[in-house]
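Commentary on secondary and tertiary structure
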Amino acid sequence: MRRRLGFVAVLALAALVATWWWRSRPRSATESAPNVLLIAVDTLRADRLGSLGNARGLTPNLDRLAANGALYSRAYSHAPWTLPSFASMFTSQVPQEHGAGGRVGDFRGLAAAHDTLAERFQSAGYATGAIVNVDFLGRSYGLMQGFDAGEIDERFYDDNARLRDARETTDAALGYLDRHRDEAFLLLAHYFDPHARYAPPPEYRARFADPRDQQGSAFDFGAREQVVLWRARKLQPSVDDFQRAEKLYDAEVAYTDAEIGRLLAGLEARGLARKTLVVLVADHGEEFLDHGDWEHGHSLYDELLHVPLVFSQPGRLAPTRVDVPVGTIDLAPTLCAWCGVAPAATFRGRDLGPSLAGASLSPTPLLAFGNFWGPPLESVREPEWKLIESTMSAGRTLQLFRADEDPRELRDRANSDVDARDRLSSDLALLRRVLAARARVGPPVRPTADERERLRGMGYVGGEDDDGR
Ligand SMILES: [Zn+2]
């Protein structure tokens, strides 16, 4: 009897151990429920990609990714700067609804109540990790909700002359792959190098900078202090200065491309390529006098809103190109559907899955909102038209562009195509009313003393804003 009891106890113990082992066993990715490697390049204009027509040869690795995957030639961000744009990607909501963003001196974080892409993957059993290089993407602004606490790797600096550069970012991402290769994971790898200041490594400076700037670093452009002076109209670089700056920016793009190539090679070398969906996206672009201004955050023209969007998973996804306009709010529902993860009920974008498989996609109106430096701008886009509305102290102004024939938005047709203008303006007013009913106001972000010091170094606080808001 005692022996039988002992046998039962051993059996029970074995069952317990088996249950524990089953529960703690990492869930591995498969081809149909793959890992996600979300590569987000800060400040990358879509027109820098060779696959979208750039002739300078800046992005051979991104072009290979696009050639083997699904390239969305008309993908648009919903905001012209980092915080609201990433919040839109993660919540699948436009900034008017998710409420993160604000403006200089009154930044708003992402409310904890939001249901995000990373939270959906985390609750489905995925390991989630983030490598991020700017404050606005970090924990204090609410963007890291859903990422595993031990795998949030944040590094913040006031300009990219001192930041964790693309090489170190790739090293950090490869480290994550080594730690989690046997689990299903969602990894965000955020590259910050194309963001000002434009400080490419010597090899890329030598290849892509203006001939005057290929050796040494005598010409320096884009320090945060310069941005602030530029905004205050206390700095007036020449057109030649901007052209030189743009070539340094190109060199940063080329450097980032090479490091993304190294990350993708690392994915392949670890045997993860076929069971990992790779996504390339950017949060916004960068202006170099396209409309008389520089940097980003200040307008809703397409040099700031048009971003690269590529999906790739060898074996599961056949090469395709989609020319219908899509928004970055479509990312979260698409990733959830592709990986068999339940989407949040609050996601407003759509699953692009059918178009990844080659089906045609019907267009929907796309919104953008925000202005880092002042009262928000709003825009609405259809395949043929785009309307930008601004409400400044001088009153309401409307600009209308043919999105299909005039992608550089050089000819304002607000006074010549009055029917289209009024129709889009009325659509925007209707959407504004709907969104106002759903809108959430993001919590104000109170910087710590250290953060305040860093913001002051960047020119974001000081003088009348010295309370650190
Ligand atoms: Zn950004």
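Residues numbered from 1 in each chain as written. Predicted model: local features only at pLDDT ≥ 70, side-chain atom pairs only at ≥ 80, totals over all residues.

**Describing the overall build of the protein chain**
Note the following rule: Strands are runs of DSSP state E lasting at least 2 residues, helices are runs of H or I lasting at least 4, and numbering of each runs from the N terminus. Comment: burial labels come from other C-beta atoms within 10 Å of the residue's own C-beta, placed from the backbone, where a count of 20 or more is buried, 12 or fewer is exposed, and between is partly exposed. In this description, any two residues whose backbone-derived C-beta atoms lie within 7 Å of each other are considered to be in contact.
On a plain count of helices and strands, the protein chain comes out with 14 helices and 19 strands. Taking all 469 residues of the protein chain together, 48% fall into the buried category. Of all intrachain contacts in the protein chain linking residues separated by at least 6 positions in sequence, the fraction that spans at least 24 positions is 70%.

**Comments concerning the environment of R181**
Structurally, the position occupied by R181 is in the loop between α6 (166-180) and β8 (185-191). The exposure class of R181 is partly exposed, given the 17 C-beta atoms found within 10 Å. Spatially, the C-alpha atom of R181 lies 8.8 Å from that of A29, the residues being 152 residues apart in sequence. Apart from residues no more than four positions distant in its own chain, R181 is found in contact with R270 and L272.

**Description of the packing of helix α2 (residues 60-67) against helix α9 (residues 239-269)**
What counts is decided by this rule: Between N-to-C directions, angles cover 0 to 180 degrees, with each direction set by a line fitted to C-alpha atoms, over the stretch in contact for helices. Every angle not falling under 35 degrees, over 145, or within 65 to 115 is termed oblique; those three ranges are roughly parallel, roughly antiparallel and roughly perpendicular. Three categories are distinguished: nonpolar for Ala, Val, Leu, Ile, Met, Phe, Trp, Tyr, Cys and Pro, charged for Asp, Glu, Lys and Arg, and polar for the others, with Gly belonging to the last.
Packing of α2 against α9 leaves a shortest axis separation of 7 Å and a crossing angle of 50°. In this view, α2 runs oblique relative to α9, as classed from their interaxial angle. Facing P60, N61, L62 and L65 of α2, the residues of α9 in contact are D257, A258, I260, G261 and L264. Residues that form the contact of α2 with α9 fall into these classes: 6 nonpolar, 2 polar and 1 charged.

**Focus: α9**
Residues three or four positions apart in an α-helix share a direction because the helix packs 3.6 residues into each turn. Basically, it comes down to this: Here the expected length of a helix is defined as 1.5 Å per residue gap, with one fewer gap than residues.
Compared with the 45 Å implied by 1.5 Å per residue over 31 residues, the 45 Å span of α9 between its first and last C-alpha is a close match. Directly after α9, the chain includes G271, whose backbone phi takes a positive value near 70°.

**Considerations on the environment of Y157**
If you trace the backbone, Y157 turns up in the loop between β7 (152-154) and α6. In this structure, the C-alpha to C-alpha distance between Y157 and V134, residues 23 residues apart in sequence, is 7.1 Å. Each residue touching Y157, except ones within four places of it in the same chain, is listed here: R162 and L163.

**A closer look at the sheet that holds strand β19 (residues 395-402)**
Worth spelling out the cut-off: In short, DSSP must find at least two bridges between two strands for them to pair.
In spatial order, the strands read β16-β17-β18-β19; together these 4 strands make up an open sheet with antiparallel pairing. In this open sheet, the two edge strands, each paired with only one partner strand, are β16 (366-370) and β19. If you compare each strand with its neighbour and ignore which way they point, the axes differ by 15° on average. Where strand β17 (residues 377-381) meets strand β18 (residues 385-392), 5 bridges bridge the pair, whose relative direction is antiparallel. Paired with E378 across the bridge in β18 is E389. Contacts between helix α13 (residues 418-438) and the sheet are confined to β16, β17, β18 and β19, with β18 contributing the most and set at about 65° to the helix.

**Considering the nonpolar core**
Under the convention used in this document: Nonpolar cores are identified as sets of buried Ala, Val, Leu, Ile, Met, Phe, Trp, Tyr and Cys residues joined via C-beta atoms within 7 Å.
Counting residues in hydrophobic clusters, the biggest one holds 118 residues, and the most contacted among them are L38, I39, L187, A189 and V279. Examining the composition of this core, we find that 11 residues originate from one element, α9, more than from any other. Ignoring anything within four residues of it in the chain, the contact list for V279 reads V36, L38, I39 and F311.

**Concerning the pairing of strand β9 (residues 276-282)**
Counting buried residues in β9 gives 7 out of 7 residues, a clear majority hidden from the surface. Residues T276, V278, L280 and A282 of β9 are buried on one face, and the alternating residues L277, V279 and V281, pointing to the opposite face, are buried as well. The pairing of strand β1 (residues 35-41) with β9 spans 7 bridges and is parallel. Counted as the bridge partner of N35 is T276 from β9.

**Overview of the pairing of β17**
Burial within β17 is extensive, with 5 of its 5 residues counted as buried. Sheet topology places β16 next to β17; 5 bridges connect them, and they run antiparallel. Paired with G370 across the bridge in β17 is L377. Linkage of β16 to β17, two consecutive antiparallel strands, is achieved through a turn of 6 residues.

**Quick look at helix α11 (residues 331-339)**
Counting buried residues in α11 gives 8 out of 9 residues, a clear majority hidden from the surface. Of the residues making up α11, those classed as buried are L331, A332, P333, T334, L335, C336, W338 and C339. For α11, the secondary structure elements touched by its buried residues are β1, α3 (82-91), α5 (117-123), β9 and α12 (353-356). Phi turns positive one or two residues past the end of α11, at G340, with a value near 70°.

**Brief notes about the sheet that holds β9**
Taken in spatial order, the 8 strands line up as β7-β6-β8-β1-β9-β13-β2-β14 in an open sheet, and their pairing is mixed. The sheet is open, and its two edges are formed by β7 and β14 (320-322), each paired on a single side. Taking each pair of neighbouring strands and ignoring which way they run, the sheet shows an average axis angle of 10°. Examined bridge by bridge, strand β2 (residues 70-72) and β14 share 3 bridges and lie parallel to one another. By the bridge assignment for β14, L71 is matched with R321. Sitting on the sheet, α9 is in contact with β1, β8 and β9, with an inclination near 170° to β1.

**Here we look at the confidence of the model for the protein chain**
Note the threshold: Values of pLDDT, the confidence the predictor places in each residue, fall between 0 and 100.
Looking at the protein chain as a whole, the pLDDT averages 91, with 90% of positions reaching at least 70. Confidence drops under pLDDT 50 across residues 462-469; counting only partners more than four residues distant or on other chains, this segment forms 9 contacts.

**Here we look at the packing of α6 against α9**
Using the following cut-off: Two helices that cross are described as forming a left-handed crossing if the nearer one is turned anticlockwise from the farther one by less than a right angle, and a right-handed crossing if clockwise.
Close contact between α6 and α9 brings their axes to 9 Å; oriented N to C, the two are set at 15°. The orientation of α6 relative to α9 falls into the category roughly parallel. Crossing of α6 over α9 shows right-handed handedness. Here A166, R167, T169, T170, A173, L174 and L177 of α6 come into contact with α9, specifically with Y255, T256, E259, R262, L263, G266 and L267. Looking at the contact of α6 with α9, its residues break down into 7 nonpolar, 4 polar and 3 charged.

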